[in-house]
2 protein chains.
Amino acid sequence: MKLLKKRILDSAIVLNENVLKVDNFLNHLIDIELANEIGKEFAERFKNKKITKILTIEASGIGISCVTAQYFGVPVLFAKKQDSINMETDKFVSQVHSFTKNRDYHIFVSKKYLLPEDHVLIIDDFLANGSACKGLIDIVRQSKATLEGIGIVIEKEFQHGRSQIQDKEVQIESLAIISSLKNNQVEFK
Amino acid sequence: MKLLKKRILDSAIVLNENVLKVDNFLNHLIDIELANEIGKEFAERFKNKKITKILTIEASGIGISCVTAQYFGVPVLFAKKQDSINMETDKFVSQVHSFTKNRDYHIFVSKKYLLPEDHVLIIDDFLANGSACKGLIDIVRQSKATLEGIGIVIEKEFQHGRSQIQDKEVQIESLAIISSLKNNQVEFK
């Protein structure tokens with residue numbers, strides 16, 4: 001996606017060989033015009049799939065997912081990272097490792113909102129090592145819903161998340177694929 | 001807002017005298033059609049204000065804010081609840097108490113994204129005791145930006161959040177105001 005790649009080149013900051021900072025348009029300040037273009041692009045790439053629900057993970061996946069959901073006409077379900085006293089006791093749980101925060105955590109989805117008849121599109125801002133994505137796939141599997149696809153805004157290919165996703169059948173669409181962040185340079189695939 | 005009140009009566013669950021569960025359309029599963037109507041309503045209520053940025057707090061404020069932002073043509077900035085290694089060191093910080101999670105936590109906004117020339121609309125899903133909202137107002141004050149208004153989806157009036165907000169000048173718009181949850185009944189003001 002040209003517009004996104006241009007924005008990455010113009011505005012993203014390479015913190016080190018592993019970390020690309022995009023908090024000025026994607027995961028702290030959110031450029032809604034760009035989010036809309038991202039939503040349209042996901043709708044185009046998954047136009048042959050029958051989607052009933054978008055599944056994402058808090059917090060930075062939510063904004064992109066909600067804007068995208070308008071193009072599919074479906075609700076957004078976001079996995080929570082922390083147990084709240086208001087949360088269902090009857091829930092799907094999976095474990096995720098955050099490399100940026102260097103800790104393991106559990107993610108939760110209420111069983112009421114992910115059903116065997118659902119056709120799910122997973123959306124997230126980043127695909128790095130694939131841990132968050134694997135957790136979301138695990139939850140879809142537990143629910144017996146059909147996983148129709150995975151839409152990623154930025155994939156850091158050199159962190160091999162794609163190969164960690166066991167289900168080779170699923171359509172994965174990344175709007176920008178980065179092959180290297182070496183020497184403070186963003187290199188696209 | 002009639003549509004929202006109807007949805008609350010039809011779908012929300014009164015957990016006890018203090019807690020209204022709306023995770024089937026607002027803060028776990030998000031009904032995007034309803035979110036759009038909420039966005040339009042905020043745009044109407046703040047149409048005389050010049051807004052340059054919507055400020056909210058992760059996680060459940062983000063979805064509503066991103067959909068709403070489309071009607072204002074402005075970006076969304078969300079305060080983060082946890083320090084990440086990718087986060088700016090140069091940030092505005094405030095403290096918030098969560099009654100549902102029964103703990104204090106800090107919220108952060110990078111100083112780069114909230115400027116004295118900004119005109120800010122704060123959006124959140126709930127106004128209960130007002131702690132989250134006070135934290136966001138505090139951050140706007142630190143930044144020297146102008147606070148133009150506060151848009152709340154559901155206000156639990158009996159928890160007195162509105163009176164906790166010190167700035168009496170600011171326009172506060174709540175789309176549904178609940179005066180009581182006693183006897184498992186939602187009563188609107």
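Before reading on, note that the structure itself is shown above.
Residues numbered from 1 in each chain as written. Chains lettered and ligands numbered in written order. Predicted model: local features only at pLDDT ≥ 70, side-chain atom pairs only at ≥ 80, totals over all residues. Heavy atoms only, no water.

Quick look at the sheet that holds strand E5 (residues 76-79) of chain B
Here's step 1: Pairing within the open sheet is mixed, and its seven strands lie in the order E3(A)-E5(B)-E4(B)-E8(B)-E9(B)-E10(B)-E11(B). A strand with exactly one partner marks an edge of an open sheet, and here the two such strands are strand E3 (29-30) of chain A together with strand E11 (187-188) of chain B. (Pairing = 2+ DSSP bridges. Helix = DSSP H or I, 4+ residues; strand = E, 2+ residues; numbered from the N terminus.)

Considering the nonpolar core
Here's step 1: One finds Leu4(A) and Leu4(B) to be the most contacted residues of the largest nonpolar core, which totals 78 residues.
Here's step 2: When sequence neighbours within four positions are dropped, the list of residues in contact with Leu4(A) reads Phe25(A), Leu34(A), Ile38(A), Val153(A), Leu175(A) and Ala176(A).
Here's step 3: Counting residues in each nonpolar core, the second largest holds 28 residues, with Leu77(B), Val96(B), Tyr105(B) and Ile150(B) among its members. (Core = buried A, V, L, I, M, F, W, Y, C linked by side-chain atoms within 4.5 Å. Buried < 20%, exposed > 50% of the residue type's maximum accessible area, 1.4 Å probe, protein only. Contact = heavy atoms within 4.5 Å.)

Some points on the state of the cysteines
Here's step 1: One pass over the full model with this rule turns up zero disulfides over all chains.
Here's step 2: No disulfide involves Cys66(B); its sulfur sits 6.9 Å from that of Cys66(A), the nearest cysteine.
Here's step 3: Classification of Cys66(B) by relative accessible area gives buried; the value is 0%.
Here's step 4: Among the cysteines around Cys133(B), which has no disulfide bond, Cys66(B) carries the closest sulfur, lying 18 Å off.
Here's step 5: Residue classification places Cys133(B) among the buried residues on the basis of a relative accessible area of 5%. (Disulfide = S-S within 2.5 Å.)

Digging into the interface of chain A and chain B
Here's step 1: Each partner contributes residues to the interface: chain A has 42 residues there, and chain B has 42 residues.
Here's step 2: The tally of links from chain A across to chain B stands at zero salt bridges.
Here's step 3: When contributions to the side of chain A that touches chain B are tallied by element, the ones reaching two or more residues are E3, helix H2 (32-45), helix H3 (60-72), strand E5 (76-79) and strand E7 (103-110) of chain A.
Here's step 4: No other element matches H3(A), which puts seven residues into the side of chain A that touches chain B. (Salt bridge = Lys/Arg side-chain N within 4 Å of Asp/Glu carboxyl O.)

A word on the sheet that holds strand E11 (residues 187-188) of chain A
Here's step 1: Read from one edge of the open sheet, seven strands run E11(A)-E10(A)-E9(A)-E8(A)-E4(A)-E5(A)-E3(B), paired in mixed fashion. Edge positions in the open sheet fall to E11 of chain A together with strand E3 (29-30) of chain B, since each of these has one partner strand only.
Here's step 2: Inspection of the sheet shows strand E10 (residues 171-180) of chain A paired to E11(A) by two bridges, in the antiparallel sense. Pairing of Ile178(A) across the sheet is with Phe188(A), part of E11(A).
Here's step 3: Together, strand E4 (53-57), E5, strand E8 (119-127) and strand E9 (146-156) of chain A together with E3 of chain B form the strand contacts of H3(A), whose direction differs from that of E4(A) by roughly 170°. (Axes fitted to C-alpha atoms, helices over the stretch in contact; angles between N-to-C directions.)

Looking at the side chain of Lys53(A)
Residue and element names in this part refer to chain A.
Here's step 1: Here Lys53 shows up in strand E4.
Here's step 2: Classification of Lys53 as buried rests on a relative accessible area of 9%.
Here's step 3: For Lys53, the side chain forms a polar contact with the main-chain oxygen of Tyr113, separated by 2.8 Å. (Polar contact = N/O pair within 3.5 Å; in protein donor to acceptor, adjacent residues only side chain to side chain.)

A few points about the pairing of E4(A)
All names here are of chain A.
Here's step 1: Burial of E4 is extensive: five of the five residues sit out of reach of the surface.
Here's step 2: Burial of the side chains of E4 extends over both faces: Lys53, Leu55 and Ile57 are buried on one face and Ile54 and Thr56 on the other.
Here's step 3: Two elements, E4 and E8, share three bridges in a ladder whose sense is parallel. The residue of E8 that forms the bridge with Ile54 is Leu121.
Here's step 4: Once the chain exits E4 it traverses H3 before rejoining the sheet at E5, and the crossover so formed is right-handed. (Right-handed = clockwise from strand over helix to strand, strands pointing away.)

Description of the environment of Ala128(B)
Residue and element names in this part refer to chain B.
Here's step 1: Within the secondary structure, Ala128 is located in the loop between strand E8 (119-127) and helix H4 (131-143).
Here's step 2: For the pair Ala128 and Asn18, spaced 110 residues apart in sequence, the C-alpha to C-alpha distance is 9.0 Å.
Here's step 3: Beyond its immediate sequence surroundings of up to four residues, Ala128 is in contact with Lys156, Gln159, His160 and Gly161.

So, the packing of aromatic side chains
Here's step 1: Using the criterion set out here, one finds zero aromatic pairs over all chains in the structure.
Here's step 2: Sitting above the plane of the Phe126(A) ring, Lys156(A) keeps its charged end 5.4 Å from the centroid. (Phe/Tyr/Trp six-rings, centres within 6.5 Å; stacked < 30°, edge-to-face > 60°. Lys NZ or Arg CZ within 6 Å of the ring centre and 35° of its normal.)

Focus: the relation of the copies chain A and chain B
The operation relating the two chain copies consists of a rotation about an axis and a shift along that axis.
Here's step 1: With an RMSD of 0.0 Å, the fit of chain A onto chain B corresponds to turning through 180° and sliding 0.0 Å along the axis. As the rotation angle and translation indicate, the two copies are arranged about a two-fold axis.
Here's step 2: Interface overlap between copies is the fraction of interface residues in one copy that are interface residues in the other; for chain A against chain B it reaches 100%, indicating a shared surface. (Least-squares fit on C-alpha atoms with pLDDT ≥ 70 in both.)

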